[in-house]
Amino acid sequence: MTYDPNNIFAKILRGEIPCKKVYEDAYALAFPDIAPKAPMHVLVIPKGTYVTHNDFAARASDQEIAGFERAVGKVAQMVGAAEGGYRLISNCGINAHQEVPHYHVHILGGRMLGPMLVG
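No experiment lies behind these values; they were computed from the predicted model shown.

J.: Would you mind going over the overall build of the chain in detail, with residue names and values included?
T.: When helices and strands are counted, the chain shows four helices and five strands. Here the C-alpha radius of gyration of the chain, 14 Å, is about what a compact globule of 119 residues would show, namely 14 Å. Along the three orthogonal principal directions, the C-alpha set of the chain runs to about 35 × 35 × 30 Å. Counting only contacts in the chain whose residues sit at least 6 apart along the sequence, the fraction spanning at least 24 positions is 56%. Total accessible area on the chain is roughly 7,100 Å²; 55% of this is exposed by carbon and sulfur atoms. Positive and negative side-chain charges in the chain, numbering 11 and 11 respectively, have mean positions lying 5 Å apart.

This is the structure:
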């Protein structure tokens, strides 16, 4: 999977498509998922052009990685997910059903989430 500069998250980062910002800093942008799978479902995306976690881990600077990870933690606290617990998911590649070729993390919470994988 190669980076597509016209993917929806790239367009959101460029301001071409609006989003309801939950959080933004120099490293990340967070906004609600448009098709939530839990009462609380927020996406956190890095501001760089990374396709998957592997791409991000290999090419991002230490500062970008630290900044992004801190942003994920801040967002989980901000939306109240940290109190009762939450799940982080990053689908990487075709077999994981990654739909947007821009690295992103889902923060899900607000209820008991059940087993990790079914089937």
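J.: Tell me what's going on with the sheet that holds strand S3 (residues 40-46), and back it up with residues and numbers.
T.: On the basis of which strands lie adjacent, the open sheet formed by five strands has the order S1-S2-S3-S5-S4 and antiparallel pairing. In the strand order of this sheet, the two ends are held by strand S1 (23-24) and strand S4 (86-89), each with one partner. The strands touched by helix H3 (residues 62-78) are S1, strand S2 (28-32), S3, S4 and strand S5 (105-109); relative to S3, the strand with the most contacts, the crossing angle is about 160°.

J.: Report on unusual backbone geometry, specifying residues and quantitative values.
T.: One non-glycine residue, histidine 97, lies in the positive phi region at around 65°. Structurally, the position occupied by histidine 97 is in the loop between S4 and S5.

J.: Before we move on, could you go through the pairing of S3 and cite the residues and values that matter?
T.: Within S3, seven of the seven residues are buried, leaving the element largely enclosed by the surrounding structure. Side chains Met40, Val42, Val44 and Pro46 project from S3 onto one buried face, and the interleaved His41, Leu43 and Ile45 project onto a second face that is buried too. In this structure, S2 lies alongside S3, joined through five bridges in antiparallel fashion. Of the residues in S3, the one forming a bridge with leucine 29 is isoleucine 45. Examined bridge by bridge, S3 and S5 share five bridges and lie antiparallel to one another. Its bridge partner lying in S5, leucine 43 is registered against histidine 106.

What counts, and where the lines are drawn
- Residues numbered from 1 in each chain as written.
- Predicted model: local features only at pLDDT ≥ 70, side-chain atom pairs only at ≥ 80, totals over all residues.
- Heavy atoms only, no water.
- Helix = DSSP H or I, 4+ residues; strand = E, 2+ residues; numbered from the N terminus.
- Rg over C-alpha atoms; globule rule 2.2 N^0.38 Å.
- Contact = heavy atoms within 4.5 Å.
- Areas by Shrake-Rupley, 256 points an atom, 1.4 Å probe, with all protein chains shown as cover.
- Lys, Arg positive; Asp, Glu negative; His and termini not counted.
- Charge placed at Lys NZ, Arg CZ, Asp CG, Glu CD.
- Pairing = 2+ DSSP bridges.
- Axes fitted to C-alpha atoms, helices over the stretch in contact; angles between N-to-C directions.
- Buried < 20%, exposed > 50% of the residue type's maximum accessible area, 1.4 Å probe, protein only.

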